[in-house]
Amino acid sequence: MKLTIITVGKLKEKYWREAVKEYEKRLGKYASVTMMEVADEKEPNNASLKDLEMIKEKEAERILSKIKDNQYVVTLEIDGKEYTSEQLATEYQKWKNTGKSNVVFVIGGSNGIGEDVKKRSNQEISFGKMTYPHQMMKVILLEQLFRVNKILNNEAYHK
């Protein structure tokens, strides 16, 4: 599998960068992993709904510029489908079995994912109704992808 993770904003804190690096290393045994960050748009004080939509649109343009036509796009969205780790492993195996071996995961910025990215998305998944910082979500996603591969290879770790 070739996995690309696109996030809005940079990892600033050392502990997040170290956690991402660790899970990239662990996941590298099972898949090729590429991490991409696009710049987040500055949010003005007292931003209006129109301002927030424009911010999401600008970030969406940056995200879409990184996605190739042949990639299967999975967006992480609050209203996406929720999976257990085992169900996500089954879904991951389906992607592999149906030729979707070049998968892009998109983690939006603090205001969410722009409509153009949602339209390009092939599948929406959710890690629950709570909101997480994008830095943390990046680590959680990598950990779950590592867990998925351990499950599929019947290796200890996932329980």
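Up top is the structure.
Conventions we followed
Residues numbered from 1 in each chain as written. Predicted model: local features only at pLDDT ≥ 70, side-chain atom pairs only at ≥ 80, totals over all residues. Heavy atoms only, no water. Helix = DSSP H or I, 4+ residues; strand = E, 2+ residues; numbered from the N terminus. Rg over C-alpha atoms; globule rule 2.2 N^0.38 Å. Buried < 20%, exposed > 50% of the residue type's maximum accessible area, 1.4 Å probe, protein only. Contact = heavy atoms within 4.5 Å. Areas by Shrake-Rupley, 256 points an atom, 1.4 Å probe, with all protein chains shown as cover. Lys, Arg positive; Asp, Glu negative; His and termini not counted. Charge placed at Lys NZ, Arg CZ, Asp CG, Glu CD. Expected span 1.5 Å × (residues − 1). Arc of directions from axis to C-beta. Axes fitted to C-alpha atoms, helices over the stretch in contact; angles between N-to-C directions. Parallel < 35°, antiparallel > 145°, perpendicular 65-115°, else oblique. Nonpolar A, V, L, I, M, F, W, Y, C, P; charged D, E, K, R; others polar.

J.: Requested: an account of the overall build of the protein chain, with residues and values cited.
T.: When helices and strands are tallied, the protein chain shows five helices and five strands. Listed N to C, the secondary structure of the protein chain is β-α-β-α-β-α-β-α-β-α in terms of helices and strands. In terms of overall dimensions, the protein chain is globule-like: its C-alpha atoms have a radius of gyration of 16 Å, near the 15 Å expected for 159 residues. Taken along its principal axes, the extent of the C-alpha atoms in the protein chain is 50 × 35 × 25 Å. In the protein chain, buried positions account for 44% of the 159 residues. The contacts of the protein chain with a sequence gap of at least 6 include a subset with a gap of at least 24, amounting to 83%. When the accessible surface of the protein chain is split by element, carbon and sulfur atoms take 48% of a total near 9000 Å². Taken together, the 28 basic and 24 acidic charged side chains of the protein chain have centroids lying 6 Å from each other.

J.: Lay out helix α1 (residues 14-27) in plain terms, naming residues and giving numbers.
T.: Between its first and last C-alpha atoms α1 spans 20 Å; for 14 residues at 1.5 Å apiece the expected length is 20 Å, and the two agree. Considered for burial, the residues of α1 that qualify are Trp16, Val20, Tyr23 and Leu27. Projected onto a plane normal to the axis of α1, the buried residues spread over an arc of 70 degrees and lie on a single side. Structural note: α1 exposes Lys14, Tyr15, Lys21 and Lys25 on the side pointing more than 90 degrees away from its buried face. Among the structural elements, β1 (2-8), β2 (32-38) and α5 (134-152) are those in contact with the buried residues of α1.

J.: Would you mind going over the packing of helix α3 (residues 85-97) against α5 in detail, with residue names and values included?
T.: Across the interface, α3 lies against α5 with an axial gap of 9 Å and an inter-helix angle of 80 degrees. Viewed along their axes, α3 and α5 adopt a mutual orientation that is roughly perpendicular. Of the residues in α5, those touching α3 at Ser85, Glu86, Leu88, Ala89, Tyr92 and Gln93 are Gln144, Leu145, Arg147, Val148, Asn149, Ile151 and Leu152. A breakdown of the residues in the contact of α3 with α5 according to their chemical character gives seven nonpolar, four polar and two charged.

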